Amino acid sequence: MLCKAMKSDEIVTIYMTFADRAEAERIGHALVAEKLVACVNILSPVTAIYPWDGAIQQEQEVAALAKSTAARFDAVAARVTELHSYDVPCIVAWPVAGIAGPYAQWVAQAIG
């Protein structure tokens with residue numbers, strides 16, 4: 001759940017990780033096609049170190065950043081969870097502290 005203190009039209013960056021590039025692209029395309037996000041930037045593989053099943057794990061993942069609004073976060077999280085291969089996918093959002101006006105307008109238009 002997104003912090004209720006945020007305005008629904010506030011632009012957020014959503015950080016997600018995926019098992020591989022193919023999964024990131026498949027889910028990224030779905031999110032953009034369904035107008036849940038304006039854009040998904042898929043980043044190079046990252047190394048994740050985390051506790052799971054009683055042991056410290058280290059795996060390669062693919063990270064992605066998406067631009068959307070606070071109002072759409074719950075829908076984005078639900079859709080990513082539905083399409084994702086992980087039992088507990090990483091899906092976190094934070095507010096954008098500053099944004100160029102034309103880009104903000106484009107995000108609003110792309111998901112409008």
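On a predicted model such as this, the values are computed, not experimentally measured, just so you know. (Residues numbered from 1 in each chain as written. Predicted model: local features only at pLDDT ≥ 70, side-chain atom pairs only at ≥ 80, totals over all residues. Heavy atoms only, no water.)

Enquirer: How should the overall build of the protein be read in this particular structure?
Expert: Within the protein, the regular secondary structure consists of three helices and four strands. Ordered by position in the sequence, the α and β elements of the protein form the string β-α-β-β-α-β-α. A globule of 112 residues ought to have a C-alpha radius of gyration of about 13 Å, and the protein, at 14 Å, matches this closely. When the backbone C-alpha atoms are referred to their principal axes, the protein occupies close to 45 × 30 × 25 Å. (Helix = DSSP H or I, 4+ residues; strand = E, 2+ residues; numbered from the N terminus. Rg over C-alpha atoms; globule rule 2.2 N^0.38 Å.)

Enquirer: It is not clear to me how the nonpolar core should be interpreted in this structure. Could you clarify?
Expert: One recurring pattern in soluble globular proteins is that nonpolar side chains are buried together. Core analysis: the biggest nonpolar cluster contains 19 residues, and I14, M16, F18, L31, V76, V80 and I91 have the highest contact counts within it. Contributing elements (two or more residues each) for this core: β1 (11-18), α1 (21-33), β3 (55-69) and α2 (73-83). Each residue touching L31, except ones within four places of it in the same chain, is listed here: M16, L36, V37, V76, R79 and V80. In this structure, I11, A38, V107 and I111 belong to the second largest nonpolar core, which totals five residues. (Core = buried A, V, L, I, M, F, W, Y, C linked by side-chain atoms within 4.5 Å. Buried < 20%, exposed > 50% of the residue type's maximum accessible area, 1.4 Å probe, protein only. Contact = heavy atoms within 4.5 Å.)

Enquirer: Could you clarify how one ought to interpret unusual backbone geometry in this entry?
Expert: Most peptide bonds adopt trans geometry, and most residues besides glycine take a negative phi value. A positive phi angle is found at K35, which is not glycine, with a value near 55°. Its relative accessible area of 42% is what places K35 among the partly exposed residues. Even without glycine at this site, D53 takes up a positive phi of about 55°. Along the chain, the position of D53 falls in the loop between β2 (39-52) and β3. Exposure remark for D53: the relative accessible area of 72% places this residue in the exposed category.

Enquirer: Teacher, can you tell me more about the pairing of β1 here?
Expert: For a regular strand, the rule is simple: side chains alternate between the two faces of the sheet. Burial analysis of β1 places seven of its eight residues in the buried class, the great majority of the element. Relative to strand β4 (residues 91-95), β1 is paired through five bridges, and the arrangement is antiparallel. Within β4, the residue paired with Y15 across the bridge is V92. (Pairing = 2+ DSSP bridges.)

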